[in-house]
2 protein chains.
Amino acid sequence: MSTRRETVRQALNESTGFRSAQDLYANLRSEGSKIGLTTVYRALQALSDSGEIDVLRTDDGEAVYRACITDTHHHHLVCRDCGKAVEVEGPQVERWAEAMGTQHGFTDVTHTVEVFGTCAACAAA
Amino acid sequence: MSTRRETVRQALNESTGFRSAQDLYANLRSEGSKIGLTTVYRALQALSDSGEIDVLRTDDGEAVYRACITDTHHHHLVCRDCGKAVEVEGPQVERWAEAMGTQHGFTDVTHTVEVFGTCAACAAA
DNA sequence: CGCAATTTTGACAATCGTTTTCGTTTTCGT
DNA sequence: ACGAAAACGAAAACGATTGTCAAAATTGCG
């Protein structure tokens, strides 16, 4: 277990929402860390492989990561300007996804839901 | 409206599932078309902008496109084995996303929803 | 402790999908 | 047919991610 990996894990844990690898790297660098971009990617990959973090893709193809904070299933409302994320729940969505699955003969149904918008603060600016 | 765009639209219509731009390009080329990769991308972008086709990202960041069957807003139920996709609608989800947005002071709310599962055929195998 | 084997790291180059640039060609209106 | 505007395609540019490889840190063992 490397110190570097811990560094990345911790940086993710301190973030509320999704962070891109480049973003995390710049952040760590600006805090004085001498970590390399390669290592950030490697750490994120390792953490993702071991299921400690979630990965998803933004519409422009960038990979974003987040630490699994809670163990309850929830989704995110993300500000497309400042990146601030709010965790939201939606039982209705869960039920809908499940229903759609069984209705079409699909088993083992999972789903990803991301809601994007402009938060009040950014809308003002 | 260009002939080239029609070519791409048609190529998509003849495909059952999701196709990548590179894939479509190779395909058209092998059929003797002298179309350029740039044009394929431009056509796909235009079609996507006008809402005639759907775009989503694979896990490795590649964009894949699919002709829309209906013109209403909808989501996809995708088989994680064979890639077969079913278009599904969910008014409840739309309303929920909208509600979450306003509830947290977000404006200009959009959302992405993808449902994954194993289709009946693949479950049997 | 000391030293060799092994693992981790990071600067840099390579890759890959996608976008831009920029002449050239085609299309369209008149 | 003529000129403006749009579409085209080849090649260069781009940005995120991955591979390479030598240096540095860690480990195992005597």
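Residues numbered from 1 in each chain as written. Chains lettered and ligands numbered in written order. Predicted model: local features only at pLDDT ≥ 70, side-chain atom pairs only at ≥ 80, totals over all residues. Heavy atoms only, no water.

Taking an unreviewed UniProt entry as the reference, chain A is identified by name as Fur family transcriptional regulator belonging to Streptomonospora alba. Checking UniProt for chain A, the heading Subunit (unreviewed entry) contains the comment "Homodimer." (UniProt positions renumbered as here; feature names shortened; annotations may be inferred.)

A. Region of interest: the overall build of chain A. Across its full length, chain A carries five helices and six strands. Each helix and strand of chain A, ordered N terminal to C terminal, gives the series α-β-α-α-β-β-β-β-α-β-α. Each of the 125 residues in chain A was classed as buried or not, and the buried ones make up 41%. The long-range share in chain A, meaning contacts at least 24 apart out of those at least 6 apart in sequence, stands at 47%. Accessible surface, chain A as shown: approximately 6,800 Å² in total, 49% of it carbon and sulfur. (Helix = DSSP H or I, 4+ residues; strand = E, 2+ residues; numbered from the N terminus. Buried < 20%, exposed > 50% of the residue type's maximum accessible area, 1.4 Å probe, protein only. Contact = heavy atoms within 4.5 Å. Areas by Shrake-Rupley, 256 points an atom, 1.4 Å probe, with all protein chains shown as cover.)

B. How the structure looks around the relation of the copies chain B and chain A. Rotating chain B by 178 degrees and translating it 0.5 Å along the rotation axis places it on chain A, where the RMSD comes to 2.4 Å. On this basis, the relationship between the two copies can be described by a two-fold rotation axis. Distance from the rotation axis, computed per C-alpha, reaches its smallest value in chain B at Val113 of chain B: 1.9 Å. Interface overlap between copies: 100% of the residues of chain B at the interface are likewise at the interface in chain A, consistent with a symmetric, same-surface contact. (Least-squares fit on C-alpha atoms with pLDDT ≥ 70 in both.)

C. Representation of the sheet that holds strand S3 (residues 63-67) of chain B within the structure. Residue and element names in this part refer to chain B. Pairing is antiparallel across the open sheet formed by three strands, whose spatial order is S1-S3-S2. Across the chains shown, the open sheet's two edge strands, defined by having one partner strand only, are strand S1 (19-20) and strand S2 (53-57). Strands in contact with helix H1 (residues 3-13) are S1, S2 and S3; relative to S3, the strand with the most contacts, it is inclined by about 85 degrees. (Pairing = 2+ DSSP bridges. Axes fitted to C-alpha atoms, helices over the stretch in contact; angles between N-to-C directions.)

D. Expanded view of the UniProt feature "binding site: Zn(2+)" (unreviewed entry) in chain A. All names here are of chain A. UniProt's entry tags Cys79, Cys82, Cys119 and Cys122 with the feature "binding site: Zn(2+)" (unreviewed entry), counted in the numbering of this structure. Tracing the chain through its elements places Cys119 in the loop between strand S6 (107-118) and helix H5 (120-124). When you line up the elements, Cys122 lands in helix H5.

E. The arrangement of the interface of chain B and chain A in detail. In this complex, chain B contributes 38 residues to the contact, which on the side of chain A involves 38 residues. Here chain B and chain A share an interface that buries about 3,000 Å² over both sides, 64% of which is from carbon and sulfur atoms. Of all the secondary-structure elements, those providing two or more residues to the side of chain B that touches chain A are strand S4 (75-79), strand S5 (85-88), helix H4 (91-103), strand S6 (107-118) and helix H5 (120-124) of chain B. Ranked by the residues each element gives to the side of chain B that touches chain A, the list is headed by S6 of chain B, at 12 residues. Split by residue class, the side of chain B that touches chain A holds 17 nonpolar, 14 polar and seven charged. (Buried area = accessible area lost by both parts, 1.4 Å probe. Nonpolar A, V, L, I, M, F, W, Y, C, P; charged D, E, K, R; others polar.)

F. Broad picture of H4 of chain B. If you check H4 of chain B, its first and last C-alpha atoms are 18 Å apart, about what 13 residues at 1.5 Å a residue would give, namely 18 Å. On its buried face, H4 of chain B sits against strand S4 (75-79), strand S5 (85-88), helix H4 (91-103) and S6 of chain A together with S6 of chain B. The positive-phi residue at the C-terminal boundary of H4 of chain B is Gly105 of chain B, with phi of around 75 degrees. (Expected span 1.5 Å × (residues − 1).)

G. Representation of the protein's contact with DNA strand D within the structure. Taken together, the neighbourhood of DNA strand D is formed by 16 residues, with Tyr41 and Ala63 of chain A together with Arg4, Thr39 and Arg42 of chain B sitting nearest. Taken together, the sugar and phosphate atoms account for 62% of what DNA strand D places within 4 Å of the protein. Within the side chain of Tyr41 of chain A, a nitrogen or oxygen atom sits 2.5 Å from a phosphate oxygen of DNA strand D. The contact in question runs from a phosphate oxygen of DNA strand D to an N or O atom on the backbone of Lys34 of chain B, over 3.1 Å. Of all the secondary-structure elements, those providing two or more residues to the surface near DNA strand D are helix H2 (21-30) and helix H3 (37-49) of chain A together with helix H3 (37-49) of chain B. Its residues assigned to classes, the surface near DNA strand D comprises five nonpolar, six polar and five charged. (Near = heavy atom within 4 Å. Polar contact = N/O pair within 3.5 Å; in protein donor to acceptor, adjacent residues only side chain to side chain.)

H. Looking closely at the protein's contact with DNA strand C. The immediate surroundings of DNA strand C are formed by 17 residues, with Arg4, Thr39 and Arg42 of chain A together with Tyr41 and Ala63 of chain B found nearest. Taken together, the sugar and phosphate atoms account for 63% of what DNA strand C places within 4 Å of the protein. Contact distances for DNA strand C include 2.7 Å between a phosphate oxygen and a side-chain N or O atom of Thr39 of chain A. In the model, a phosphate oxygen of DNA strand C is placed 2.7 Å from a nitrogen or oxygen of the Ala63 of chain B main chain. Broken down by secondary-structure element, the contributors of at least two residues to the surface near DNA strand C are H3 of chain A together with helix H2 (21-30) and H3 of chain B. For the surface near DNA strand C, the element with the highest residue contribution is H3 of chain B, accounting for four residues. Classifying every residue of the surface near DNA strand C by side-chain character gives five nonpolar, seven polar and five charged.

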